[in-house]
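Structure assessment
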Amino acid sequence: AEEGVDTIERALTIATEAAEAAGEPLRELHGQVESIDVKSDKSDIVTEADHQADRVITTVIRNEFPDHAIFSEESVRQTNADGDYTWVVDPLDGTGNFAHGNPNYSISIGLLEDGVPVMGVVYIPETDELFSAIAGGDVRKDSEPIVTTDRDSLDESMLISGYDPDGTFLTHFYQESRGVRRLGSAALNLCYLASGSADAVWERDTYPWDIAAGLVIARAAGAEFTDETGEPFEFSLDTDEQRTLLGSNGSLHPEILDHLESGLAVPNRSKSVDFAQDGP
Ligand code: IPD
Ligand code: CA
Ligand code: CA
Ligand code: CA
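Below or above, wherever it landed, is the structure these notes cover. Everything numeric in this text was worked out from a predicted model, so none of it was measured.

What follows is about the site of ligand 1. Near ligand 1 there are 13 residues, and of these Asp93, Thr95, Tyr163, Gly184 and Ala186 occur at the shortest range. Put simply, the parts of the chain that give the shell around ligand 1 at least two residues each are strand E4 (85–93) and helix H3 (95–99). Among the residues making up the shell around ligand 1, the classes are represented as three nonpolar, six polar and four charged. Lining the shell around ligand 1 are residues from two domains, each supplying at least three of them: domain 1 (2–145) and domain 2 (154–262).

For strand E14 (residues 243–248), the buried fraction is high: five of the six residues fall into the buried class. Judged from the five bridges that link them, strand E12 (residues 200–206) and E14 form a sheet pairing that is antiparallel. Its bridge partner being in E14, Glu203 is matched across the sheet by Leu245.

The next subject is the packing of helix H5 (residues 186–195) against helix H6 (residues 208–220). One way to put it is that H5 packs onto H6 with a least axis distance of 8 Å and a crossing angle of 5°. Between H5 and H6, the crossing angle belongs to the class labelled roughly parallel. Touching Ala186, Ala187, Leu190, Cys191, Leu193 and Ala194 of H5 are Asp210, Ile211, Ala213, Gly214, Leu215, Ile217 and Ala218, all from H6. In the contact of H5 with H6, the residues fall into 11 nonpolar, one polar and one charged.

Next up on the list: the sheet that holds strand E3 (residues 69–72). Taken in spatial order, the seven strands line up as E3-E4-E5-E6-E7-E8-E9 in an open sheet, and their pairing is mixed. Sheet topology places E3 and strand E9 (144–145) at the edges, where each strand pairs with a single neighbour. Summarising the sheet, strand E6 (residues 116–124) and strand E7 (residues 129–134) pair through six bridges and their orientation is antiparallel. If you follow Ile124 over to E7, its bridge partner there is Glu129. Together, E4, strand E5 (106–113), E6, E7 and strand E8 (139–141) form the strand contacts of H5, whose direction differs from that of E6 by roughly 95°. Across the sheet, H6 is in contact with E3, E4, E5, E6, E7 and E8; its angle to E6 comes to roughly 100°.

Okay, the environment of Gly214 next. Checked against the element boundaries, Gly214 lands in helix H6. According to the C-beta neighbour criterion, Gly214 is buried, with 35 such atoms within 10 Å. A C-alpha to C-alpha distance of 22 Å links Gly214 and Pro25, two positions 189 residues apart in sequence. Apart from the residues within four sequence positions on either side, Gly214 is in contact with Ser108, Gly120, Val122, Ala187, Leu190 and Cys191.

Unusually for a residue other than glycine, Asp142 sits at a positive phi of about 50°. Within the element layout of this structure, Asp142 appears in the loop between E8 and E9. C-beta crowding within 10 Å serves as the criterion here: with 10 such atoms nearby, Asp142 is assigned to the exposed category. Positive phi, close to 50°, is recorded for Asp205, a residue that is not glycine. Here Asp205 shows up in strand E12. A count of 14 C-beta atoms within 10 Å places Asp205 in the partly exposed class.

Parameters and conventions
- Residues numbered from 1 in each chain as written.
- Chains lettered and ligands numbered in written order.
- Predicted model: local features only at pLDDT ≥ 70, side-chain atom pairs only at ≥ 80, totals over all residues.
- Near = placed C-beta within 6 Å.
- Helix = DSSP H or I, 4+ residues; strand = E, 2+ residues; numbered from the N terminus.
- Nonpolar A, V, L, I, M, F, W, Y, C, P; charged D, E, K, R; others polar.
- Domains from an automatic or database assignment.
- Buried ≥ 20, exposed ≤ 12 C-beta atoms within 10 Å, placed from the backbone.
- Pairing = 2+ DSSP bridges.
- Axes fitted to C-alpha atoms, helices over the stretch in contact; angles between N-to-C directions.
- Parallel < 35°, antiparallel > 145°, perpendicular 65-115°, else oblique.
- Contact = placed C-beta atoms within 7 Å.

Here is the structure:
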């Protein structure tokens, strides 16, 4: 176990180095993206900057931890079933924002031990802010400890919606809360929950690289995570099985789940929340 603790602490140092190193080319390329490659559809895109950041990060990790597996959105997808440690990397989270010159983008680097997220670093190149945590240990924004809010009434709460293709969460909770924001970087959303700029976050169809680091950071700051039915959120590297994520400061969780259970008041939608189907 001692050895594990050492590895995780060293991993946090290396993740910080890798994120800061990858931040440099991103800052340079931000605002001057010349070509955008469309992947599966018009909003699923990648730029040369994503690849450049990916190369920097995977090189730093490989040099320091040649035995560890790496699972990155833009390159290797090695799951390394036999190994203890897997790095889960999103070299640029918020490519849409990045490609359109919006500063709300981040770098997300998480580490799994036996499949469980144990360390996370999320870096914001444009503001040079770094969130980091070790599961069961300290959680910081730069050198300052952070903690979630303890707000327990939806009326006074600020929520963030991540990916939500039919807008259900946004439409319903916009009426029920102080506001719902849609910002464009899933990893950062989780850090805002961790540091108290949001009281809850919602995200459909999460990918492992979007959330591995942010989950560790937000949990270490006191956040609670379930799926849309209230079952504990289970992290997985299986990209065929995308999961819905509801995160909150804990105090708000029951009230949000109550709304989800009793059906969201969205025009032209059935009372029950059935995300597998479209329409009423
Ligand atoms: C995306 C961003 C976006 C979220 C999408 C993600 P990418 O990641 O986090 O906020 O809504 O679901 O795929 O592609 O910019 O790394
Ligand atoms: Ca992407
Ligand atoms: Ca992402
Ligand atoms: Ca990405």
